[in-house]
Amino acid sequence: MRILVQKFGGTSLSTPQARSHVIGHIKRELANQYQLVVVVSAIGRRGEPYATDTLLDWIEHNGNALPDRERDLLLCCGEIISATTLCSLLQHEGITATVLTGAQAGFLTDNHFGNARIKDVKPERVLNELESHQVVIVTGFQGQTDSGDFTTLGRGGSDTSATALGAALRAEMVDIYTDVNGILTADPRIVEDAKPLVHVSYTEICNMAHQGAKVIHPRAVEIAMQSQIPVRVRSTFSDKEGTLVTQPEGFRDSYSGIVDRFVTGVAYVSNITQISVECDRTEGLQLKVFKSMAEHSISVDFINVTSTGVLYTVFDSDSEKAIEVLQSLDLKPKSLSGCAKVSVIGGGINGVPGIMAKIVESLSEHDIPILQSADSNTTIWVLVKKEDMAQALRALHHTFELHR
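Residues numbered from 1 in each chain as written. Predicted model: local features only at pLDDT ≥ 70, side-chain atom pairs only at ≥ 80, totals over all residues. Heavy atoms only, no water.

An unreviewed UniProt entry lists the protein under the name Aspartokinase, from Paenibacillus solani. Entered under Catalytic activity (unreviewed entry) in the UniProt record, the comment concerning the protein runs "L-aspartate + ATP = 4-phospho-L-aspartate + ADP". The UniProt entry for the protein carries this comment under Function (unreviewed entry): "Catalyzes the phosphorylation of the beta-carboxyl group of aspartic acid with ATP to yield 4-phospho-L-aspartate, which is involved in the branched biosynthetic pathway leading to the biosynthesis of amino acids threonine, isoleucine and methionine." (UniProt positions renumbered as here; feature names shortened; annotations may be inferred.)

Colleague: Account for the side chain of aspartate 388, naming residues and giving values.
Modeller: Relative to the helices and strands, aspartate 388 is located in the loop between strand E18 (379-385) and helix H12 (389-399). It turns out aspartate 388 is buried and unbridged, and the closest side chain with the opposite charge, lysine 385, is 5.9 Å from it. In contact with aspartate 388, other than residues within four places in its own chain, are Ile368 and Pro369. (Helix = DSSP H or I, 4+ residues; strand = E, 2+ residues; numbered from the N terminus. Buried < 20%, exposed > 50% of the residue type's maximum accessible area, 1.4 Å probe, protein only. Lys, Arg positive; Asp, Glu negative; His and termini not counted. Salt bridge = Lys/Arg side-chain N within 4 Å of Asp/Glu carboxyl O. Contact = heavy atoms within 4.5 Å.)

Colleague: Can you lay out helix H1 (residues 16-31) for me, pointing to particular residues and giving the numbers?
Modeller: Between its first and last C-alpha atoms H1 spans 23 Å; for 16 residues at 1.5 Å apiece the expected length is 22 Å, and the two agree. Restricting attention to buried positions, one finds in H1 the residues Ala18, Arg19, Val22, Ile23, His25, Ile26, Glu29 and Leu30. For H1, the angular spread of the buried residues around the axis is 155°, confining them to a single face. Within H1, the exposed residues directed more than 90 degrees away from the buried face are Pro16, Gln17 and Ala31. Buried residues along H1 sit against strand E1 (3-8), strand E2 (35-40), helix H3 (68-92), strand E6 (135-139), strand E9 (173-178) and strand E11 (231-235). One or two positions beyond H1, positive phi appears at glutamine 33, with a value near 70°. (Expected span 1.5 Å × (residues − 1). Arc of directions from axis to C-beta.)

Colleague: Residues and numbers for the sheet that holds strand E14 (residues 301-305), please.
Modeller: Strand pairs in the sheet, formed through backbone hydrogen bonds, run parallel or antiparallel to each other. If you walk across this open sheet you meet the six strands as E14-E15-E13-E16-E18-E17, and the pairing is antiparallel. Looking at the sheet topology across the chains shown, the edges are occupied by E14 and strand E17 (372-375). Direction aside, the axes of adjacent strands within the sheet are offset by 25° on average. Sheet topology note: the strand E13 (residues 265-278)/strand E16 (residues 334-345) ladder contains 10 bridges and is antiparallel. Counted as the bridge partner of tyrosine 268 is valine 342 from E16. Relative to strand E15 (residues 309-315), helix H9 (residues 285-295) is tilted by about 15°, and along the sheet it contacts E13, E14 and E15. (Pairing = 2+ DSSP bridges. Axes fitted to C-alpha atoms, helices over the stretch in contact; angles between N-to-C directions.)

Colleague: Any details on the packing of helix H2 (residues 52-60) against H3? Residues and values, ideally.
Modeller: What describes two packed helices is the angle between their axes and the distance between those same axes. Where H2 meets H3, the closest approach of the two axes is 9 Å, and the angle between their N-to-C directions is 145°. In the packing of H2 onto H3, the handedness of the crossing is right-handed. Contact residues: H2 offers Thr52, Leu55, Leu56 and Ile59, while H3 offers Arg71, Leu74, Leu75, Gly78 and Glu79. Grouping the amino acids of the contact of H2 with H3 by side-chain chemistry returns five nonpolar, two polar and two charged. (Left-handed = near helix turned anticlockwise from the far one by under 90°. Nonpolar A, V, L, I, M, F, W, Y, C, P; charged D, E, K, R; others polar.)

Colleague: Could you give an account of the nonpolar core, with specific residues and numbers?
Modeller: Of all hydrophobic cores here, the largest spans 36 residues; its most connected members are Val5, Val37, Val126, Leu165, Ile183, Ile205 and Val245. Each residue touching valine 37, except ones within four places of it in the same chain, is listed here: Ile3, Leu4, Val5, Gln6, Val126, Leu130, Val136, Val138, Leu165 and Leu169. With 24 residues, the next largest nonpolar core counts Ala186, Val342, Ile368 and Val382 among its residues. (Core = buried A, V, L, I, M, F, W, Y, C linked by side-chain atoms within 4.5 Å.)

See the structure below:
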């Protein structure tokens, strides 16, 4: 079997015109002799009748007391509506299709309702249905527990469903269709000359996704990387190839004229607060600070630990609570709200001298102070004031010639 997994997001299914593009992509790949498994998200976005956020709003306006298990039961309805709608349209076109829920497709999860983790995917039912149908449509974002309860996989869950199913089926490729034509070097709403990337490595796109690029969920990339399943990020509204995500050595198999690069793209996360805690007696300070954050479910990031204290960031929405927790421990935290983390990402950064110097020089030329920095093998992060974020992204994009 030559199996291709296609995943279509909510905007790809929200209008008759968009759905006609989806059918066109399915017809093209059937003509290419693929057996198709199509994973779908709920239709549309908040405000549209079957979107996930609309269903969440419905709960809020009707008591807002639904237990997590029953909340997942309701949220699964959005993908079921998408899948059955697409099935009807395909059958009308003379294409034999059938629908499987996440549970029927073999997704077994833990019982962490609202953000379940996949324990296993047993795709035998999918393979059986492919013998008698041209297309098997699977509801993304969902699975079931050992006891048969519906679960949902959290934000980006349909991307995760698609790559996990692709891995279980040993698919040739997973195509993630969205409303943009692949992955860009930066957010085009901020960096006007952002360019599409023909190819990125798993590590690069995973870092870009973690640092704010929202084209594909990092959990989905991690599954694809572990299973070595190539992923393409494509536009529903175009026949262009989009961006290929695979191992670097896989690029040459599909594309020619590859140019080595140090930096792949820039990304950002905004609305974060920097917190610093210093103490004359630092024994146990680090443990006290981070244990208290964990106990109050406050996510921490951008961590610097020194002999005299700790420096880290939280989301602005958590900053007031974080300060109160630290003060209750007789600590005297300082905070700076309204910051943004800007990331320079690239598989070629590791071991190359001068990258940080370029970043400092670029931001200094635009009078943008760096409040904090950190680095890994593939990413350098700098913390700046939120009002400097857009200029910092543009400056770094130009410095590393990502517009070329």
